[in-house]
Amino acid sequence: MTKIQVLLFTLLLTGGINLSRASSSSAFFDKSQSIEVMTWNVENLFDTLHDEGKNDWTFLPSNTPGKNEECAKITNRRYREECFETDWDDEKLDLKLEQIKEVLTRDRSYLPDVLALSEIENENVISLLANKVGYSNFTVSNSPDERGVDLALLWNDQKLKMVSRREHVIKSKALEGRPTRNILEVEFLVNGKEPLTVFVNHWPSQGNKNESRIDAAKTLMKRVKKIRRKNKKMAIVATGDFNVITTNRPDPFYSVVEKKGLIDVHGLFMKSKDIDDSVKSSYPLGTYFYGRNIDRFFISKNLTDGSGLDLELKTYRIHAPKFMTTTYEYTDDTENHYGSIVMGTPKRCKHVASSPASAGYSDHFPVVMKLKY
């Protein structure tokens, strides 16, 4: 283990990393009496170093010792070709970081006060992103996921002070020996007095049995129940990429998360009579490339009671600026949708690209909301 790795490991154990800068990052944040929360799956944000014991070979430089041999072992043809073709060097990583920065800053006047990211590799790559964008505080999960995919939370320490953090392992027989991402939990004090706990999720994909997502939902809600029993004033936000689609039965949202007391902000927004229908209809078909709303916010009921920390419902949106969208045509004649053209889909990341014009951003749109205090 190198000196840098030892340092990062030590920082991870302490629960967070603070990066010092000559100029305060607070200049990039909104000064109003609210916090903006954003969740975003940034699509394979990996560094260029091999993490021992992890299958991160696709996102490594082509000249990395052992990469070709590991790529050759991949049985899925598409993923095998992607592994061979992707020369993930420092230049491409920096381009990816710049693309993420563009989404966070272009057409926006300030950074989210709380930024929940999924599909990131480790604390090393998040430290690079934090430096580039302007965050001084972040924490990263350390999951058993075989690819090394993890979660991160970055925040504005002018408004939020971290109280504690922990992780929750999702145990499910349905995973069949393939471990998934932990749930990352971080407790904050907002404005020095309002308690808030944020859960960042990245549940098992649709390639896994639905039972695995049910078990993830139960893991989340078991912890929520314990927190609320201890402190009824605690506000809860559960966010991230839940990988739940409308055909899942039983539905992990309805049968577990909402049944156990959390509220779906997207559903609340769409049912609200105070939101004009033209606004609702202007939103994308979903947060994910294939038109699915799998990125969500779930909140505790005390965030809708009009006192203390409280949801500003009209601020909820799927952040899909034009520069981040594209038009997709189904050209494979073996697909049921052959010939169909879908407008306004996420401009997904092309990790082989070497220019901003072709690099794209992510196969997910960010989702945003504000909590006032």
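Structure: see above.
Please read these numbers as outputs of a predicted model, since none were measured by experiment.

What counts and what doesn't
Residues numbered from 1 in each chain as written. Predicted model: local features only at pLDDT ≥ 70, side-chain atom pairs only at ≥ 80, totals over all residues. Heavy atoms only, no water. Phe/Tyr/Trp six-rings, centres within 6.5 Å; stacked < 30°, edge-to-face > 60°. Helix = DSSP H or I, 4+ residues; strand = E, 2+ residues; numbered from the N terminus. Buried < 20%, exposed > 50% of the residue type's maximum accessible area, 1.4 Å probe, protein only. Lys NZ or Arg CZ within 6 Å of the ring centre and 35° of its normal. Polar contact = N/O pair within 3.5 Å; in protein donor to acceptor, adjacent residues only side chain to side chain. Contact = heavy atoms within 4.5 Å.

**Q** Would you explain the packing of aromatic side chains in this entry?
**A** Each aromatic ring pair is summarised here by two numbers: the centre-to-centre distance and the angle between the ring planes. On inspection of all chains with the given rule, the structure shows 17 aromatic pairs. Each ring, one from Phe29 and one from Tyr135, has its centre 5.5 Å from the other, and the planes form 65°; the classification is edge-to-face. Highlighted residues: Phe29 in the loop between strand E1 (17–18) and strand E2 (34–45) and Tyr135 in the loop between helix H5 (123–133) and strand E4 (137–140), separated in sequence by 106 residues. The residues Phe29 and Tyr135 share a single accessibility class, namely buried. Note on Phe253 and Phe298: the rings are 4.9 Å apart at their centroids and 55° apart in plane angle, and the pair reads as tilted. A residue pair is termed long-range when its members are at least 10 positions apart, and Phe253 in helix H7 (residues 252–257) and Phe298 in strand E11 (residues 295–299) qualify at 45 residues. The exposure class of Phe298 is buried, given its relative accessible area of 0%. Taken together, the ring pairs connect Tyr288, Phe289, Tyr290, Tyr328 and Tyr330 into an aromatic cluster. Against the face of Phe289 rests Arg348, its NZ or CZ located 4.6 Å from the ring centre.

**Q** Explain the side chain of Glu121 here, please?
**A** Mapped onto the fold, Glu121 is located in the loop between strand E3 (114–120) and H5. At a separation of 3.0 Å, a polar atom in the side chain of Glu121 contacts the main-chain amide nitrogen of Asp47. Apart from residues no more than four positions distant in its own chain, Glu121 is found in contact with Leu45, Phe46, Asp47, Leu49, Asp51, Asp56, Gly148 and Asp150.

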